[in-house]
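Each chain, written out:
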Amino acid sequence: MAAKSLLFVAVVLIIVGSMEIQMAKAQPELGSLIGLIRINGSVFCTTDSTITSITPVFPNAQVQLQCGGGVVSTTTTNGAGVFTIFLNPLTMLLSSLLNNCNLVVNTPLATCNVGLPTTGILQSPLQLTGRTVNELLDILNVGATGFNFISS
Ligand SMILES: *[C@@H]1O[C@H](CO)[C@@H](O)[C@H](O)[C@H]1NC(C)=O
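Residues numbered from 1 in each chain as written. Predicted model: local features only at pLDDT ≥ 70, side-chain atom pairs only at ≥ 80, totals over all residues. Heavy atoms only, no water.

Regarding the state of the cysteines
- Going through the model one piece at a time under the given rule, you end up with two disulfides.
- Note on cysteine connectivity: C45 is disulfide-linked to C112, with sulfurs 2.1 Å apart. On the sign convention where negative is left-handed, the bridge of C45 and C112, at about 95 degrees about the S-S bond, is right-handed. With a gap of 67 residues between them, C45 in the loop between β1 (34–42) and β2 (62–67) and C112 in the loop between β5 (101–105) and β6 (121–124) connect regions that are remote in the sequence.
- Two residues, C67 and C101, share a disulfide whose sulfurs are 2.1 Å apart. (Disulfide = S-S within 2.5 Å. Helix = DSSP H or I, 4+ residues; strand = E, 2+ residues; numbered from the N terminus.)

In C-alpha cells form, the structure reads like this:
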C-alpha cells in the first residue's frame with residue numbers, strides 16, 4: 001500500500017515536472033510575441049550629402065518608404081527633422097526591405113530654404129543598425145544610410 005502511494009506520488013511529480021519544463025520552454029516565445037521593424041533617420045535641409053553639425057534640419061518633410069516603385073508607408077519629420085516608421089516583420093521581410101526599398105523625401109527643399117531647388121527628391125537606402133529585445137518587443141532597428149539629392 002505504502003509502495004503504491006509512493007509510486008503514485010512519483011508519477012504525479014514527474015507529470016508536474018514535465019508540465020513545468022514545457023511552460024518554461026514556452027515562456028521566451030510568449031515574451032517576444034510582438035516583433036517590429038523600426039525605421040528612423042534625420043532629414044536635413046541641403047542638397048549636399050555631407051552633413052555637419054551646422055547643417056539645418058528639414059522639419060515637416062514628407063518621408064515615403066518606397067519598395068519596387070510602390071509607396072509602402074508615409075510619415076512626416078518632426079521639428080528636429082527626425083522621422084520614425086514602424087513595420088510588421090510578418091508582412092515585410094528584412095532582406096526585402098534592405099534590398100528593394102528606399103526612403104524618399106518628395107517635399108521640395110525650397111520648403112525649408114527658398115534658396116534651394118523647388119524640384120527633385122532626397123533619397124536614401126536602408127541599413128540594419130541593431131536589434132532591441134525586451135520582455136514584450138523584438139525590434140529590428142533600421143536606419144537611413146544618408147540622403148542624396150536627385151534632381152529632376
Ligand atoms: C534611430 O534609432 C537608433 C537606434 O534606436 C538610434 O541610435 C538613433 O539615434 C536614431 N536616429 C535618429 C535620427 O533618431
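Next, the rest of the story.
Observations regarding the packing of aromatic side chains
- Across all of its chains, the model carries one aromatic pair by this definition.
- Ring plane angle 75 degrees and centroid distance 6.3 Å describe the contact between F83 and F147, whose orientation is recorded as edge-to-face. Placement of the pair is F83 in strand β4 (residues 82–87) and F147 in the loop between β8 (137–144) and β9 (148–150), with a sequence separation of 64 residues. As far as burial versus exposure is concerned, F83 and F147 are alike and both buried. (Phe/Tyr/Trp six-rings, centres within 6.5 Å; stacked < 30°, edge-to-face > 60°. Buried < 20%, exposed > 50% of the residue type's maximum accessible area, 1.4 Å probe, protein only.)

Structural notes on the sheet that holds β8
- Within the open sheet, the four strands sit side by side as β4-β1-β8-β7. Their pairing is mixed. Edge strands, defined here as strands with exactly one partner in the open sheet, are β4 and β7 (126–133). Averaged over all neighbouring strand pairs, the angle between strand axes comes to 25 degrees, with direction disregarded.
- In the sheet, β7 pairs with β8 via seven bridges, with the strands oriented antiparallel. Each bridged residue has a counterpart across the sheet, and for G130 the counterpart in β8 is N141. (Pairing = 2+ DSSP bridges. Axes fitted to C-alpha atoms, helices over the stretch in contact; angles between N-to-C directions.)

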